[in-house]
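# Commentary on secondary and tertiary structure
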Amino acid sequence: MPENDQPGREGKLVLDRSAEHTLRNHLSVIHGFCDVMQSEIDPSHSLQEDLLEIRKAARAALAILNETRRV
Amino acid sequence: MSSTPVRILHLEDDPLDAELIAALLEADGLACRFDRATTRAEFLSALDGDYDLILSDYSLPTFDGVTAQQLARERRPDLPFVFVSGTMGEEVAIERLNEGATDYVLKQRLERLPRAVRRALQEAQTRLERARAEAEVRRLNTELEARVEERTRQLATANAELALREAELETSKAFLDSLVENLPLMLFVKDAQTRQYVRINRAGETLLGIPREQMLGRTDLDLFPPEIAEELMRTDTELVLGHVPVSIRDHVIATPRGTRFLHTEKRPIMDASGRPAFLLGISLDITERRQAEEAAGQARLEADRANRAKSHFLSRMSHDFRTPLNAIMGFAQLLELDEELNDEQLDNISHIRKGGSHLLQLVDEVLDISRIETGQLSLSMEPVRVCDVLRGVVDLLRPLAESRQITVSVDDAGHVDCHAVADAQRLHQVLVNLVGNAVKYNYDRGEVRLTLRCLDGKVRIRVSDTGPGIPAAKKDLLFRPFERLGAEQGSVEGTGLGLALAKGLMEAMNGTIGFEEVPRGATFWIELVESPEMSEQPSEAAGTVSTRPHGRGTVLYIEDNRSNVRLLERLLAHRPGVTLFTAVTGMEGFASAVRECPGVILLDLHLPDVPGEEILERLARDSRTRDIPVIILSADATSGHAERVLKAGARAYLTKPLVLSSLLAMLDEHLAPGEDPD
């Protein structure tokens, strides 16, 4: 998230703890299934890269969530 | 003596004596008129007559002088009574005199009679006059006493009235004083000439913090700092010269509680000659009001700032969170296309895609709720044919219902032409939510029943299910955000925002939403204003299966996010006839468009160098690129944005996360036709 923005407090009004919890749950599900699939297929398999992209995206989403919480 | 004859009642039995006596008195110059009585009866009868004197013999044959005297004294006490007798002794005579006789004359010495008569008459006259005088005195006294009494009474009345007036005056003064003293505003009166304070009320004392003893007889110059005093006195002068009220708004005054802001109204009070005698002033302490206004202004600024921050947050959530979601959804869809995956792997990927889809739904719902809260929800209110929306919703959810053998029925008989004033898309969203819940929270092989009714200018839709229903204790929590009423423990997925959002949307559309307590299952209803107008609903193009052949040609993708670029590269690997060029900045992309002249340009709007909108404008302006179809791929889902860029020349606007099949269909539509689809 860009540094000059301060959406946190107001953001929290909207992104209630319950919503945050739900978001985290879904992200961890996504992350978990990526892990499972990555461990099950050959490391050189072409799918690995796609799964890595999904994991990265899930981490990025989590970072946005954490950023919102931190401010 | 007057010439009127003396009237004499003469009790005498002897006529000679009577004649003698008359002659004697006549001879002495006394004119007399005699009435003679000789018996008691005659005497008594004559006694009421008009006489000046009674002459009485002492001894009569049938009567006597003593009795006559007694009778005369009883009946005519004013009449002189003179005995004339030849038989009366000295002792008896004295006794008679003592009993009230006026005189006595012996017949042997009748020469005394005229003198005795004269004296008796004189005495009687004197007595009469004295009696008259005394009566007059008594009358006067009585009159005087009456007058004194009357005057005293008048004075008492006057005194009582005066006392009453004084009491009234006192009451009135006390009332006015009380009014002035209890007035919650500062009230003061100054002498118009000297400008000295002559009156100040309690509120004034409290406000200024100066006891009235210290104020009365003093001027503003004695009481306040010069700059304040001069300003106050200047307005006094204005008042005295102008004879008109003066209003001083927002003037400051130093008090022990610090500087106070006052609003003062001053009025001249004129004397009989029309000149100002006093200056009346009333001051309202507006310090708190000013502070409150300032605080309100500050609060407004604060609220505006908070709203701006919230809007900003919305746009960030909309864009920033969608970017990774786009990647998740995109790559998951891509993985699903891989033909080498086994069932277990496909199942894993479906979990990933569903997770992403739920995230997207949650973000969308949070954003919608926030838009409603901040008043930024834009609606397109128009007459909507409700049964069309209902059927669209049922068609959408039927596969889900059928997977659990749930029957969905619509009862709109007689109301198929019913139109409501609504935003068709938002009404669809609300109904998807309600019908979706009715399906999700139902038993397998259950029923969902939708009823449409138009009545009294209202359109009402009921959605009933045969599920476990909602416990009465929890119905108050129904429309609260993130409240899942215990469903979070179960297997049914949900965000807990659906009903809160549905309520917000219904209210935004001037409608209502509610829950009906029924013996079995759950029943929700929504109500909208009926529209008399008919409006042609555009037929839904979505859902139609494209049979277009796969397109061929070049695609330029201007995007700085590497994951998105990679996603498209991977996607287009399934289209061998398509060549992809990519550019990570706007300017690089524009140069590439001019150089390569691609069949389609895919443009992201958030670019590191220039806004995507500017690139779109350049492409549209440049003759070398203006005919190339531009498809916007944006993570910005805020309303109005799509409309703006479409107006600026874009052919289509796709929101991230992308539905890959839609993107491929769109590319096929704009590229030159190639091979037939598989």
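Read on for a plain summary of the structure. Just so you know, these numbers come straight off a predicted model, no measurement behind them.

### A short note on the packing of helix H15 (residues 562–572) of chain B against helix H19 (residues 660–670) of chain B
Relative orientation and spacing of two packed helices are given, respectively, by the angle between their axes and the distance between those axes. All names here are of chain B. One can describe the packing of H15 onto H19 by two numbers: an axis separation of 12 Å at closest approach and a directional angle of 65°. Comparing the axis directions of H15 and H19 gives the class roughly perpendicular. Remark: the crossing between H15 and H19 carries right-handed chirality. Contact with H15, carried on its side by Leu567, Leu568, Leu571 and Leu572, involves Leu660, Leu663, Leu664 and Leu667 of H19 and no other residues of that element. Its residues assigned to classes, the contact of H15 with H19 comprises 8 nonpolar, no polar and no charged.

### Here we look at the state of the cysteines
Residue and element names in this part refer to chain B. Taken as a whole and assessed by the stated rule, the structure comprises 1 disulfide over all chains. Cysteine 418 shares a disulfide with cysteine 454; S-S distance 1.8 Å. Note on the cysteine 418 and cysteine 454 pair: the S-S dihedral is about -115°, so by sign convention the disulfide is left-handed. Taken as a pair, cysteine 418 in the loop between strand E12 (407–411) and strand E13 (419–422) and cysteine 454 in strand E14 (residues 447–455) lie far apart in primary sequence, 36 residues in all. For the pair formed by cysteine 418 and cysteine 454, the shared burial category is buried.

### Some thoughts on the environment of leucine 23 of chain A
Residues and elements named next belong to chain A. For leucine 23, the location among the structural elements is in helix H2 (residues 17–40). You can call leucine 23 buried: its relative accessible area is 1%. Measuring from C-alpha to C-alpha, the distance between leucine 23 and leucine 62 comes to 8.5 Å, with 39 residues separating the pair along the chain.

### Section: the pattern of salt bridges
Tallied over the full model, the rule gives 56 salt bridges over all chains. Among the ionic pairs, glutamate 53 of chain A bridges to arginine 566 of chain B, the shortest N-O distance being 3.7 Å. Of this pair, glutamate 53 of chain A sits in helix H3 (residues 47–70) while arginine 566 of chain B is found in helix H15, placing the two residues in two different chains. Here glutamate 53 of chain A and arginine 566 of chain B have matching classes, each one buried. The partner of glutamate 143 of chain B in a salt bridge is arginine 139 of chain B, with the nearest N and O atoms 2.8 Å apart. Of the two residues, glutamate 143 of chain B and arginine 139 of chain B are both situated in helix H5 (residues 113–182); the distance of 4 residues between them amounts to about one turn of the helix. By relative accessible area, arginine 139 of chain B is classed as partly exposed at 40%. Look at the salt bridges and you will find they share partners, linking Lys173, Asp177, Glu181, Arg199, Glu205 and Arg212 of chain B into a network.

Conventions we followed
- Residues numbered from 1 in each chain as written.
- Chains lettered and ligands numbered in written order.
- Predicted model: local features only at pLDDT ≥ 70, side-chain atom pairs only at ≥ 80, totals over all residues.
- Heavy atoms only, no water.
- Axes fitted to C-alpha atoms, helices over the stretch in contact; angles between N-to-C directions.
- Helix = DSSP H or I, 4+ residues; strand = E, 2+ residues; numbered from the N terminus.
- Parallel < 35°, antiparallel > 145°, perpendicular 65-115°, else oblique.
- Left-handed = near helix turned anticlockwise from the far one by under 90°.
- Contact = heavy atoms within 4.5 Å.
- Nonpolar A, V, L, I, M, F, W, Y, C, P; charged D, E, K, R; others polar.
- Disulfide = S-S within 2.5 Å.
- Buried < 20%, exposed > 50% of the residue type's maximum accessible area, 1.4 Å probe, protein only.
- Salt bridge = Lys/Arg side-chain N within 4 Å of Asp/Glu carboxyl O.

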